[in-house]
Amino acid sequence: MKLDREFFTYNLVSEGYVKKEGEGYEVYTFVNEEENVYRAKLFGGKRAKPDGFYRYGTLESLNDGVEKFIKNITDRIESKKEEAAKRKEKVKKMAAEVKVGDIYVNSWGYDETHVDFYKVLSVKGSFAEIVAIGSKTSDDYNGFYHSSSAAPDLVTGEPMRKKIGEYGFKINSYSTANKWDGTGMHETGPYGGR
């Protein structure tokens, strides 16, 4: 059985708790000044379990604790909105910079470095059609590493539609292709673990 928020709050109002809610939070407070009992059950976001269940010594400390909790939640929400707006602006800027014929590079790997190149075939709004292209290796190969450069005329894959991100194109779950600056890319050679 999965416990939801209702499980933790179903009887609070009937026990004398007062509910206060807003964007991103839900707060239940209980005040009994005759017996000097001040409690708050605080929920943030969509979490089922409370972020805190506190007892306070005074009504003032209860109000301060609740206001601090609400401020932290609203500040976090505002910060996320600002970050999302900045990300959206970066994506918009990147989409304006992507041009047909541009080369993007994806350098990835854990214990060895792989380098893949992509060429932009078309751009429409915030999407681009790209295709994998081959690479040329340098003559300075030392047995383990070499320098790879794009070979724009050597198509090695099928065209694919990718959303333009703030840094380039997300190729898969673990790597992103960024605009290539034209310099050789450090890559593990066939005898370096590949």
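Right, let's walk through the structure included here. Since the structure is predicted, the reported quantities are computational estimates derived from the model, not experimental observations.

It is worth spelling out the overall build of the protein chain at this point. A tally of helices and strands in the protein chain yields 2 helices and 12 strands. Considered along the principal axes of its C-alpha atoms, the protein chain spans approximately 85 × 40 × 35 Å. Restricting the contact set of the protein chain to residue pairs at least 6 apart, pairs at least 24 apart contribute 50%. Per element, the accessible surface of the protein chain, about 12700 Å² overall, is 51% carbon and sulfur. With 31 positive and 31 negative side-chain charges, the protein chain shows a spacing of 3 Å between the two charge centroids.

Bringing the environment of Gly101 into the picture now. Here Gly101 is to be found in the loop between helix 2 (59-97) and strand 5 (103-108). On the accessibility criterion, Gly101 (38% relative accessible area) is partly exposed. In contact with Gly101, other than residues within four places in its own chain, are Lys119 and Val120.

Looking now at the side chain of Thr188. Checked against the element boundaries, Thr188 lands in strand 12 (residues 185-188). Residue classification places Thr188 among the buried positions, given a relative accessible area of 2%. Within the structure, the side chain of Thr188 is placed 2.7 Å from the backbone nitrogen of Thr113, a separation counted as a polar contact.

As enumerated under the stated definition, the model contains 9 salt bridges in all. Linking Lys19 and Glu21 is a salt bridge whose minimum nitrogen-to-oxygen distance equals 3.5 Å. The partly exposed category is assigned to Lys19, whose relative accessible area is 40%. Put simply, Arg47 and Asp51 hold a salt bridge, and the shortest N to O gap is 2.7 Å.

Attention shifts here to helix 2. End to end, helix 2 covers 57 Å across 39 residues, agreeing with the expected 57 Å (1.5 Å per residue, within 8%). Every buried residue belonging to helix 2 is among Leu62, Gly65, Val66, Phe69, Ile70, Ile73, Ile77, Met94 and Ala95, and all of these are buried. Close packing links the buried residues of helix 2 with strand 1 (18-22), strand 2 (25-32), strand 3 (37-44), strand 4 (52-56) and strand 5.

Criteria and thresholds
Residues numbered from 1 in each chain as written. Predicted model: local features only at pLDDT ≥ 70, side-chain atom pairs only at ≥ 80, totals over all residues. Heavy atoms only, no water. Helix = DSSP H or I, 4+ residues; strand = E, 2+ residues; numbered from the N terminus. Contact = heavy atoms within 4.5 Å. Areas by Shrake-Rupley, 256 points an atom, 1.4 Å probe, with all protein chains shown as cover. Lys, Arg positive; Asp, Glu negative; His and termini not counted. Charge placed at Lys NZ, Arg CZ, Asp CG, Glu CD. Buried < 20%, exposed > 50% of the residue type's maximum accessible area, 1.4 Å probe, protein only. Polar contact = N/O pair within 3.5 Å; in protein donor to acceptor, adjacent residues only side chain to side chain. Salt bridge = Lys/Arg side-chain N within 4 Å of Asp/Glu carboxyl O. Expected span 1.5 Å × (residues − 1).

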